[in-house]
Amino acid sequence: MDKNILIDHYLDLSGLACPVNYVKCCLALENLSSKDILKVDLDVGESETSVIDGLQEKGYKVKILNKDSKKVTLTISSE
């Protein structure tokens, strides 16, 4: 992934349980234009899989920017 990518909005959803983190991502994405990029920090595990799978099912492009044993950072876009 390009390290110089412009992030338009950021959410730190660490510590939030499902489905709250998924809902917050969806609400944030509704307020962004089609070319904007959302960066999200999530806990690894159920939060990670539910957000990635749910957003991909809705047609969003989800990329893992960084991941360690506790946290994953995603970029989400509609293009």
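The structure displayed is predicted, hence computed values, not measured ones.

1. Quick look at the overall build of the protein chain
Item 1. Helix and strand counts for the protein chain stand at two helices and four strands.
Item 2. For the protein chain, the α and β elements follow one another from N to C terminus as β-α-β-α-β-β.
Item 3. Computed over C-alpha atoms, the radius of gyration of the protein chain comes to 11 Å, within 12% of the 12 Å expected from 2.2 N^0.38 for 79 residues, which places it in the range of a compact globule.
Item 4. In terms of overall dimensions, the protein chain has C-alpha extents of about 30 × 25 × 20 Å along its principal axes.
Item 5. Out of the 79 residues in the protein chain, the part that is buried amounts to 33%.
Item 6. Taking as baseline every contact in the protein chain between residues at least 6 positions apart, the subset at least 24 positions apart corresponds to 64%.
Item 7. Here the protein chain holds 10 positive side-chain charges and 13 negative ones, and the gap between their average locations is 4 Å.

2. Details of helix H1 (residues 20-30)
Item 1. Looking at H1, one finds that the buried residues are Asn21, Cys25, Cys26, Ala28 and Leu29. Along the axis of H1, the buried positions cluster into a sector of 165 degrees, meaning they face one direction only.

3. Some points on the nonpolar core
Item 1. Core analysis: the biggest nonpolar cluster contains 17 residues, and Cys25, Leu38, Val40, Leu42, Leu55, Leu74 and Ile76 have the highest contact counts within it.
Item 2. Listed by contribution, the elements that provide at least two residues to this core are H1, strand S2 (38-43), helix H2 (46-57) and strand S4 (71-77).
Item 3. In contact with Leu38, not counting residues within four places along its chain, are His9, Tyr10, Leu11, Cys25, Ala28, Leu29, Leu32, Leu74, Thr75 and Ile76.

4. A look at unusual backbone geometry
Item 1. Residue Pro19 follows Cys18 across a cis peptide bond; omega there is 0 degrees.
Item 2. Along the chain, Pro19 turns up in the loop between strand S1 (9-12) and H1.

Reading the values: rules and limits
- Residues numbered from 1 in each chain as written.
- Predicted model: local features only at pLDDT ≥ 70, side-chain atom pairs only at ≥ 80, totals over all residues.
- Heavy atoms only, no water.
- Helix = DSSP H or I, 4+ residues; strand = E, 2+ residues; numbered from the N terminus.
- Rg over C-alpha atoms; globule rule 2.2 N^0.38 Å.
- Buried < 20%, exposed > 50% of the residue type's maximum accessible area, 1.4 Å probe, protein only.
- Contact = heavy atoms within 4.5 Å.
- Lys, Arg positive; Asp, Glu negative; His and termini not counted.
- Charge placed at Lys NZ, Arg CZ, Asp CG, Glu CD.
- Arc of directions from axis to C-beta.
- Core = buried A, V, L, I, M, F, W, Y, C linked by side-chain atoms within 4.5 Å.

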